[in-house]
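# Summary of the model geometry
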Amino acid sequence: MIGAYDDRDGKIWLDGELVDWRDAKVHILSHALHYASSVFEGERAYGGKIFLSEKHSNRLLTSGALIDMEIPWTVEQIEAAKYEVLKANGLTDAYVRAVAFRGAGPDMGVSSARNPVRLAVASWEWGSYYGDAKFKGAKLDISKWKRPSPETIPTAAKAAGLYMICTMSKHAAEAKGCSDALFFDYRGYVAEATGANVFFVKDGEVHTPLPDAILNGLTRQTVIGMLKERRIPVHERHIMPEEMAGFEQCWLTGSAAEVTPVGQIGDYTFEVGALTREISEAYEALVRA
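Here's what I pulled together on the structure shown here. (Residues numbered from 1 in each chain as written. Predicted model: local features only at pLDDT ≥ 70, side-chain atom pairs only at ≥ 80, totals over all residues. Heavy atoms only, no water.)

### Some thoughts on the packing of aromatic side chains
For the coordinates displayed, the defined rule picks out 10 aromatic pairs. Geometrically, the ring pair formed by Trp-124 and Trp-126 is tilted, given 6.0 Å between the ring centres and 40° between the ring planes. A relative accessible area of 29% places Trp-126 in the partly exposed class. Put simply, the rings of Tyr-5, Tyr-95, Trp-124 and Trp-126 pair up and form one aromatic cluster. (Phe/Tyr/Trp six-rings, centres within 6.5 Å; stacked < 30°, edge-to-face > 60°. Buried < 20%, exposed > 50% of the residue type's maximum accessible area, 1.4 Å probe, protein only.)

Next comes the structure, spelled out in structure tokens:
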């Protein structure tokens, strides 16, 4: 049985060097632990190649800038670190997590301009994010929390602070026997799951929420490109919750989730149909090409 995440063999890249997994530690007064000054990326490697790796590294730097945290590493340095970690751990098919955060320093209040920005990269084997949902469709709860307005927080950043309600919502969903939860946004439109974007199918056409208050996921963008290559109409728009009653199919996209069919959201049900399976299989072929 695999142990806890802080008690494993292997190496983690931390601030420019590989350290033993169990020694990759930070101080309790690290700013990020208290004030969520942290951004991260979740990526998957297939056959030793990280899918969309440079795009993830660029987004990490962009996320840092959006929360007023300049990350002192280049895309090239981050890329090298990720592949160094894979090699050090002997992994080819793996999940890769890069995280940048404000560490401990002379500031220990809300302001943290004088504290160092640190960077770590870890990788580990991680199977299907939703278990057997790829075959029968995931079951989602509907969260009581809403995705916030871009006027209240930088929603385009993959920032730790945006995930607090994700954890709360997923715990509530799991307590009901669900795999995940779907958010509505601050206006009441369908938004996203706790760590994945959502797509719907009706009459051979695809509908997905406009990413004006949610993360425009890299997998989301990839799947939209795949659909357009197949000349399947894609409507990026605001979707009202009651519209889910008329949709026939549904799937989630994300680096961890990949393309996962959805069988149920609240009281709404969907079939794991031909288009869902086609896109799921095509995505799997693409990432291993």
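### So, the pattern of salt bridges
All told, the structure shown has 16 salt bridges when counted by the stated rule. For Arg-22, the salt bridge is made with Asp-9, and the minimal N-O distance between the two is 2.9 Å. Of this pair, Arg-22 sits in the loop between β2 (17-20) and α1 (31-35) while Asp-9 sits in the segment before β1 (11-14), and the two are 13 residues apart along the sequence. Residue class for Asp-9 comes out exposed when judged on its relative accessible area of 65%. A salt bridge links Arg-118 to Asp-15; its shortest N-O distance comes to 2.7 Å. One end of the pair, Arg-118, is in strand β6 (residues 117-124); the other, Asp-15, is in the loop between β1 and β2, and 103 residues separate them in sequence. For Asp-15, a relative accessible area of 30% translates into the label partly exposed. When salt bridges that share partners are traced, they join Asp-7, Asp-9 and Arg-22 into one network. (Salt bridge = Lys/Arg side-chain N within 4 Å of Asp/Glu carboxyl O. Helix = DSSP H or I, 4+ residues; strand = E, 2+ residues; numbered from the N terminus.)

### Here's the deal with helix α3 (residues 75-88)
If you check α3, its first and last C-alpha atoms are 20 Å apart, about what 14 residues at 1.5 Å a residue would give, namely 20 Å. Buried residues of α3: Val-75, Ile-78, Glu-79, Ala-81, Lys-82, Val-85 and Leu-86, and no others. Buried residues of α3, seen end-on, are gathered within an arc of 160° and therefore sit on one face of the element. Of the exposed residues in α3, the ones pointing more than 90 degrees away from its buried face are Glu-76 and Lys-87. Within two residues after α3, Gly-90 carries a phi angle of roughly 65°, on the positive side. (Expected span 1.5 Å × (residues − 1). Arc of directions from axis to C-beta.)

### Remarks on the sheet that holds strand β3 (residues 38-46)
The six strands are arranged β2-β1-β6-β5-β3-β4 in an open sheet whose pairing can be described as antiparallel. Two strands close off the open sheet at either side, each with one partner strand: β2 and β4 (49-50). Sheet analysis places β3 next to β4, joined by two bridges and oriented antiparallel. Residue pairing across strands places Ala-45 opposite Ile-50, the latter belonging to β4. Strand contacts of helix α2 (residues 53-66): β3, β4, β5 (94-102) and β6, with the helix running at about 175° to β3, the strand carrying the most contacts. (Pairing = 2+ DSSP bridges. Contact = heavy atoms within 4.5 Å. Axes fitted to C-alpha atoms, helices over the stretch in contact; angles between N-to-C directions.)

### What about the packing of α2 against α3?
Two numbers describe how α2 lies on α3: the axes approach to 9 Å, and their chain directions differ by 125°. If you check the angle between α2 and α3, you find them oblique. Pair α2 / α3 crosses with right-handed handedness. Counted together, Ser-53, Glu-54, His-56, Ser-57, Asn-58, Leu-60 and Leu-61 of α2 and Val-75, Ile-78, Glu-79, Lys-82 and Tyr-83 of α3 form the full contact between these two elements. Tallied by class, the residues present in the contact of α2 with α3 amount to five nonpolar, four polar and three charged. (Parallel < 35°, antiparallel > 145°, perpendicular 65-115°, else oblique. Left-handed = near helix turned anticlockwise from the far one by under 90°. Nonpolar A, V, L, I, M, F, W, Y, C, P; charged D, E, K, R; others polar.)

### A few points about helix α6 (residues 218-229)
For α6, built from 12 residues, the straight-helix expectation of 16 Å at 1.5 Å per residue is met to within 8% by its first-to-last C-alpha distance of 17 Å. Where α6 is concerned, the buried positions are Leu-218, Thr-219, Arg-220, Thr-222, Val-223, Ile-224, Met-226 and Leu-227. Count one or two residues on from α6 and you reach Arg-231, which has phi positive near 60°.

### Concerning the pairing of β3
By the criterion of burial, β3 is predominantly enclosed, with nine of the nine residues buried. Of the strand pairs in this sheet, β3 and β5 are connected by eight bridges, and their pairing is antiparallel. For Gly-42, the partnering residue across the bridge sits in β5 and is Arg-97. Count of turn residues in the β3/β4 antiparallel hairpin: two residues, of which Gly-47 carries a positive phi of about 60°.

### Notes on a nonpolar patch on the surface
On the surface, Ile-28, Leu-29, Leu-33, Tyr-35, Met-108 and Val-110 cluster together to form a nonpolar patch covering roughly 600 Å² of accessible area. Structurally, Leu-33 can be placed in helix α1. (Patch = residues over 30% accessible without salt bridge, like charges linked within 9 Å, V, L, I, M, F, W, Y side chains within 5 Å. Areas by Shrake-Rupley, 256 points an atom, 1.4 Å probe, with all protein chains shown as cover.)

### Regarding the packing of α6 against helix α7 (residues 274-287)
Closest axis-to-axis distance for the α6/α7 pair is 11 Å, and the angle between their directions is 115°. When the axes of α6 and α7 are compared, the pair comes out roughly perpendicular. Judged by the sense of rotation from one axis to the other, the crossing of α6 with α7 is right-handed. The segment α6 lies against α7, with Thr-219, Thr-222, Val-223, Met-226 and Leu-227 engaging Leu-275, Ile-279, Ala-282, Tyr-283 and Leu-286. Broken down by class, the residue content of the contact of α6 with α7 amounts to eight nonpolar, two polar and no charged.

Keep in mind that these numbers describe shape and distance, not what the molecule does.
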